Amino acid sequence: MSNPHVLLLGAPGAGKGTQSRRLVDEFGIEHVTTGDALRENKQMETEYGTPAEYMDAGELVPDPVVNEIVKVALEEADGYVLDGYPRNESQTEYLDSITDLDVVLYLDVAEDELVRRLTGRRVCDDCGATFHVEFDQPEEEGVCDECGGDLYQREDDTEETARERISVYEENTTPVVEYFRDQGVLVEVDGERTPDEVWTDVRDAVAERAD
Ligand code: AP5
Ligand code: MG
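What this report covers is the structure whose coordinates are included nearby. Being a predicted model, the structure only gives us computed values, none of them experimental.

## Regarding the nonpolar core
Counting residues in each nonpolar core, the largest one holds 47 residues, and the members touching the most others are Val-6, Leu-9, Leu-23, Leu-82 and Leu-105. Not counting the four nearest positions on each side in its chain, Val-6 is found in contact with Leu-23, Ile-29, Tyr-80, Val-81, Leu-82, Val-103, Leu-105 and Val-206. Grouped together as the second largest cluster of nonpolar side chains are 5 residues, Cys-124, Ala-129, Phe-131 and Cys-144 included.

## Some words on the packing of helix α7 (residues 159–172) against helix α8 (residues 174–182)
Each pair of packed helices gets described by two things: the angle between the helix axes and the distance between those axes. Contact pair α7 / α8: the axes reach a minimum separation of 4 Å and the direction vectors enclose 40°. What the angle tells us is that α7 and α8 run oblique. Counted together, Tyr-169, Glu-170, Glu-171 and Asn-172 of α7 and Thr-174, Pro-175, Val-176 and Val-177 of α8 form the full contact between these two elements. For the contact of α7 with α8, the class distribution of residues is 4 nonpolar, 2 polar and 2 charged.

## Remarks on the sheet that holds strand β3 (residues 80–83)
Reading across from one edge, β2-β3-β1-β4-β8 is the order of the 5 strands in this open sheet, with parallel pairing throughout. Lying at the two open borders of the sheet, with one neighbouring strand each, are β2 (30–33) and β8 (186–190). Looking at each pair of strands side by side, their axes are set apart by 25° on average, direction ignored.

## Observations concerning helix α9 (residues 195–209)
An ideal rise of 1.5 Å per residue puts 21 Å on 15 residues; α9 measures up with 21 Å between its terminal C-alpha atoms. Looking at the buried side of α9, the elements it contacts are β1 (5–10), α1 (16–27), β4 (103–108) and β8.

## Topic: the pairing of β1
Counting buried positions over the 6 residues of β1 gives 5, a clear majority of the element. Two elements, β1 and β3, share 4 bridges in a ladder whose sense is parallel. Bridged to His-5 within β3 is Tyr-80. The pairing of β1 with β4 spans 5 bridges and is classified as parallel. For Leu-7, the partnering residue across the bridge sits in β4 and is Val-104.

## Regarding the pattern of salt bridges
Inspection of the entire model under this criterion finds 20 salt bridges. Taking the shortest distance from any N to any O, the salt bridge between Glu-111 and Arg-163 comes out at 3.6 Å. Taken together, the residues Glu-111 in helix α6 (residues 111–119) and Arg-163 in helix α7 connect sequence positions 52 residues apart.

## Points about the environment of Val-187
Following the sequence through the fold, Val-187 ends up in strand β8. A relative accessible area of 15% means that Val-187 is categorised as buried. Taking C-alpha positions, Val-187 is 9.9 Å from Leu-9, a pair spaced 178 residues apart along the chain. With sequence-adjacent residues up to four places away left out, Val-187 is seen in contact with Val-104, Leu-105, Tyr-106, Ala-205 and Arg-209.

## Brief notes about the packing of α1 against α9
Where α1 meets α9, the closest approach of the two axes is 10 Å, and the angle between their N-to-C directions is 50°. By the angle between their directions, the pair α1 and α9 is classed as oblique. Handedness of the crossing formed by α1 with α9: right-handed. Contacts between α1 and α9 pair Thr-18, Gln-19, Arg-22, Leu-23, Glu-26 and Phe-27 from the former with Pro-195, Asp-196, Val-198, Trp-199, Val-202, Arg-203, Val-206 and Ala-207 from the latter.

Definitions and cut-offs
- Residues numbered from 1 in each chain as written.
- Chains lettered and ligands numbered in written order.
- Predicted model: local features only at pLDDT ≥ 70, side-chain atom pairs only at ≥ 80, totals over all residues.
- Heavy atoms only, no water.
- Core = buried A, V, L, I, M, F, W, Y, C linked by side-chain atoms within 4.5 Å.
- Buried < 20%, exposed > 50% of the residue type's maximum accessible area, 1.4 Å probe, protein only.
- Contact = heavy atoms within 4.5 Å.
- Axes fitted to C-alpha atoms, helices over the stretch in contact; angles between N-to-C directions.
- Helix = DSSP H or I, 4+ residues; strand = E, 2+ residues; numbered from the N terminus.
- Parallel < 35°, antiparallel > 145°, perpendicular 65-115°, else oblique.
- Nonpolar A, V, L, I, M, F, W, Y, C, P; charged D, E, K, R; others polar.
- Pairing = 2+ DSSP bridges.
- Expected span 1.5 Å × (residues − 1).
- Salt bridge = Lys/Arg side-chain N within 4 Å of Asp/Glu carboxyl O.
- Left-handed = near helix turned anticlockwise from the far one by under 90°.

Shown next as structure tokens:
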């Protein structure tokens, strides 16, 4: 089996990062995520300004910046789970021109639950593992279970910015979900269950379609 090309769609806080980490472990593929790549280069000067100017307001970073990140990452990956891209129709067309997808998954979660998840999220500074102050507490507060690193709160996980991100998502990315649904390739997963329950459906969908 060649390594699968997986696209994971879902609103901010739907659990894309959480499920992507499990896909990486299970299928030995790369996690390609524009959000993490941009956070690592937040102060980088581009002709459009820095990514930080957009991210801290909850807005989308301009397409040419993210398209380039994805192109380079996909060229280097032998199998991948793509998370956080595409986020609008123009990115969808660009993605279509550079790769083929085996599976398109959509994690469905209602807005109130998204806000709860985002505002309570804590992320490891070292390994990127994700926790939640209520739903997925680390054994020791502020310390990563996996590597002992420090946990921090993302700058865009305040309630105000989280709500803005969800509204930007609804306006720009809902058409992307519709596009794949219309093509008949979208696998819809109820994302409002525990991470383990969601994972069972995610894993099975990828295993079935990647043969
Ligand atoms: P990005 O980092 O991609 O953020 P996002 O899409 O808003 O998604 P999140 O990472 O917030 O959520 P997630 O679905 O990964 O949730 P997670 O698994 O962590 O983008 C950030 C910014 O970068 C954008 O706003 C934009 O500015 C820019 N950007 C990025 N890509 C771009 C692009 N292509 N074009 C333009 N701009 C771009 O889970 C969330 C929380 O819930 C965690 O605490 C977790 O523990 C908990 N949780 C997870 N699953 C469950 C569950 N089943 N039950 C209970 N709790 C759960
Ligand atoms: Mg994420």
